[in-house]
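Given next are the chains, with one letter for each unit.
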Amino acid sequence: MSFRSNRRDWLVRTGALAAGGVFAPMALAAKPPAKKAAPKRPPAKAQPAPSAAPALAVAPMQFTRRVLANGMQVLAQPGGGGGSVAIQVWYRVGGKDDPVGRSGFAHLFEHLMFKSTRNMANEQFDRLTEDVGGQNNAFTADDVTAYIESVPSHHLDRILWAEAERMSNLNVDEGNFKSERAVVQEEFRQRVLANPYGRLFEAISPASWEVHPYRRGVIGSIEELDAASIDDVRAFHATFYRPDNAILIVNGDFDPAALDAAVDRYFAPLKTPASAIPRVTAVEPVRERSRTLNLTGPNVPLPAALMTWQGPAANSPDAAALQVVQGLLSGGESSRLNEALVYRQQAAQSAGFETRLNADSGALIAYAIAAGKRTPQSLVAPLMAELARLANQPISAAELDKVKTQLLTAALNGRQTSLGRGTSLGWAMINHNDPEAANRELSQLQAVTAADVQRVLRTHVIGKPAVTLFYTQEAK
């Protein structure tokens, strides 16, 4: 996932990253490797396991949903803004929709949409938000590009005008294209080429998918962006930035009648193109065999191993249990992979597991970065041993309740803000095409049992074909 100007911290503070699942793939990988293995911890004394915690009754979010004649969807949730309002526009276009040979186009528009329009100057969108005490950001993922603002409530009308303006009247000219293409390419250099483990984690997508365009990743390619023409870029905007491909989400302190009037004034007149929106129809085949890939980088402090298995789509009944699997294996200092590989065995300086579920299909990823002079091959056995232990040995009620409570707390914390509530609705629309799915997520999470955890591991990981990446320093 790509964020405009790498302003991920703001999205965390406002709750935009707390709801809806995993948003920062392999975030632990950016942490520099430790110079020495962590000290051993004394074994914890066995404690009797308490019974499972009772389910927490969470009041469902209340919202309205309307569809304009031009196909644009509008979700509105008034209340709780404290004098501010959050506005989001989610477009159903992500990295998977990049044209063949033009990876990075969805990400490019994440930046281009902040440039000039017919009636706004370059960077004027920032002035409409930041200069009145508000904020803005955007992110691109495999299935979506979203634009996010938080402003004092009395500025809602002008932000809605500005969002409609850049949807319909963006200036996709040579100057804006070249300047933002350079920004995206520099982001690739910083996040992938300059990061010691950037090449490894950028290799997850092509290793996890062979047919589906998820295999191209989101951030883009320097070479393919260089090969793009201004006509390519204009065609992409005309194809995907249209009202019938957009979801407007407004949360916070606003008058519903005033919102409806502004939406009718600014968005309802926008025309829907006659051409259909092209949708990805590729289906990833079931992986039949395991394979191993060797990858090198110019500045790899310590070797690493990474394994990826095929996972289900985000709307799968297994999604909640897989989220708990991720929490058990890599949710914090006391997680299983950290305790086993980093503290007890001192085989790795960091280790993790990620559940990456997209709208069409998913990937399940385990990784470890070695501690000391170990080969990457030596990390596979301890990684698999911990996955097998979770899949086959009893899970205490105390451990399961702790992880479920952590996940539930994170989701509820995210929903304390207007922006976080809107984001949970956005992901529900992208992954389920149903905003009510945001209300079901919390009950589904609380319903996960130890048997569910073990079942989904056996279904998707244990004994299933994996692609294994070994990452080492390139020869000098």
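Cut-off values and rules
Residues numbered from 1 in each chain as written. Predicted model: local features only at pLDDT ≥ 70, side-chain atom pairs only at ≥ 80, totals over all residues. Heavy atoms only, no water. Helix = DSSP H or I, 4+ residues; strand = E, 2+ residues; numbered from the N terminus. Buried < 20%, exposed > 50% of the residue type's maximum accessible area, 1.4 Å probe, protein only. Contact = heavy atoms within 4.5 Å. Areas by Shrake-Rupley, 256 points an atom, 1.4 Å probe, with all protein chains shown as cover. Salt bridge = Lys/Arg side-chain N within 4 Å of Asp/Glu carboxyl O. Expected span 1.5 Å × (residues − 1). Core = buried A, V, L, I, M, F, W, Y, C linked by side-chain atoms within 4.5 Å. Pairing = 2+ DSSP bridges. Axes fitted to C-alpha atoms, helices over the stretch in contact; angles between N-to-C directions. pLDDT = per-residue confidence, 0-100. Phe/Tyr/Trp six-rings, centres within 6.5 Å; stacked < 30°, edge-to-face > 60°. Parallel < 35°, antiparallel > 145°, perpendicular 65-115°, else oblique. Left-handed = near helix turned anticlockwise from the far one by under 90°.

Broken down by element type, the chain carries 17 helices and twelve strands. Counting all 476 residues of the chain, 55% fall into the buried class. In the chain, the proportion of contacts linking residues at least 24 apart, taken out of those at least 6 apart, comes to 82%. For the chain, the accessible surface area stands at approximately 19700 Å², while carbon and sulfur atoms represent 54% of it.

Per the counting criterion, the structure on display carries 26 salt bridges. Across the pair R127 and E130 runs a salt bridge whose closest N-O atoms are separated by 3.2 Å. With a gap of three residues between them, R127 and E130 both fall in helix α3 (residues 124-130), about one helical turn apart. Taking relative accessible area as the criterion, R127 reaches 36% and is therefore assigned partly exposed.

With that settled, consider unusual backbone geometry. Of note, E123 is a non-glycine position whose phi angle comes to about 70°, a positive value. Under the relative-accessibility criterion, E123 is labelled partly exposed at 29%. Of note in the backbone geometry, N433 takes a positive phi value of approximately 55° without being a glycine. The class for N433 is partly exposed, based on a relative accessible area of 44%.

Counting buried positions over the eight residues of helix α2 (residues 105-112) gives eight, a clear majority of the element. All buried positions along α2 are accounted for by F105, A106, H107, L108, F109, E110, H111 and L112.

Next up on the list: helix α4 (residues 156-168). Taking 1.5 Å per residue as the helical rise, α4 with its 13 residues ought to reach 18 Å, and the 19 Å between its terminal C-alpha atoms agrees with that figure. All buried positions along α4 are accounted for by L156, I159, L160, A162, E163, A164, E165, R166 and M167. The secondary structure elements touched by the buried residues of α4 are β4 (84-91), α3, β6 (145-152), α9 (230-240), β7 (246-252) and α10 (256-266).

The next subject is the environment of I87. If you trace the backbone, I87 turns up in strand β4. Residues I87 and T423, 336 residues apart in the sequence, show an inter-C-alpha distance of 10.0 Å. Every residue in contact with I87, bar those within four places of it in the chain, is listed here: Y147, I148, E149, V151, L156, I159, L160, L248, I249 and V250.

Right, let's talk about the nonpolar core for a bit. Core analysis: the biggest nonpolar cluster contains 50 residues, and I87, Y91, F109, L160, L248 and F267 have the highest contact counts within it. Looking at this core element by element, the count peaks at six residues for α4. Setting aside anything within four residues of it in sequence, one finds L248 in contact with M72, Q73, V74, L75, I87, Q88, V89, L160, V263 and F267. Counting 45 residues, the second largest nonpolar core, distinct from the first, contains A305, M307, V324 and A370.

So, about the side chain of T468. Secondary-structure assignment places T468 in strand β12 (residues 467-473). Sequence-distant contacts of T468, that is, excluding residues within four places in its chain, are made with R291, T292, L293, L306, M307 and V380.

Our focus in this paragraph is the pairing of β7. Burial analysis of β7 places seven of its seven residues in the buried class, the great majority of the element. Neither face of β7 is left uncovered, since the one carrying A246, L248, V250 and G252 and the one carrying I247, I249 and N251 both have all their residues buried. Two strands pair when backbone bridges link them, and strand β3 (residues 73-78) and β7 are joined in this way by six bridges, in the parallel orientation. Note on β7: the bridge partner recorded for Q73 is I247. Here β4 runs beside β7; their pairing, made up of seven bridges, is antiparallel. Residue pairing across strands places V89 opposite L248, the latter belonging to β7.

Time to look at the sheet that holds strand β11 (residues 362-370). If you trace the five strands from one edge of the open sheet to the other, you get β8-β12-β9-β11-β10, paired in mixed fashion. Two strands bound the open sheet, and with one partner strand each, they are β8 (291-297) and β10 (348-357). Mean inter-strand twist for the sheet, computed between neighbouring axes without regard to direction, equals 15°. Bridge count between strand β9 (residues 304-311) and β11: eight bridges; the pairing is antiparallel.

This part takes up the confidence of the model for the chain. Scored by pLDDT, the chain comes out at a mean of 90, with 89% of its residues at no less than 70. Within the model, the stretch residues 6-51 combines pLDDT values under 50 with 93 contacts to residues more than four positions away or in other chains.

So, about the environment of A238. The residue A238 is located in helix α9 in this model. Counting along the chain gives 70 residues from A238 to S168, while the straight-line C-alpha distance between them is 8.8 Å.

By secondary structure assignment, the location of N358 is in the loop between β10 and β11. Beyond its immediate chain neighbours, meaning those up to four positions away, N358 contacts D142, D143, W209, Y214, A313, A314 and N431.

On to the packing of aromatic side chains, then. The relative placement of two aromatic rings is captured by the distance of their centres and the angle of their planes. Across all of its chains, the model carries 15 aromatic pairs by this definition. When the centroid spacing of 5.6 Å and the interplanar angle of 20° are considered together, the rings of F109 and F236 count as stacked. In this pair, F109 is assigned in helix α2 and F236 in helix α9, connecting sequence segments 127 residues apart. Owing to a relative accessible area of 0%, F109 belongs among the buried residues under this scheme. Under the relative-accessibility criterion, F236 is labelled buried at 3%. With 5.5 Å between their ring centres and 35° between their planes, F109 and Y241 make a pair best called tilted.

On to the packing of α4 against α10. Between α4 and α10, the shortest axis-to-axis distance is 10 Å and the interhelical angle comes to 30°. Overall, the two elements α4 and α10 adopt an arrangement that is roughly parallel. Relative to α10, the crossing made by α4 is right-handed. The segment α4 lies against α10, with L156, D157, L160, W161 and A164 engaging L259, A262, R265 and Y266.

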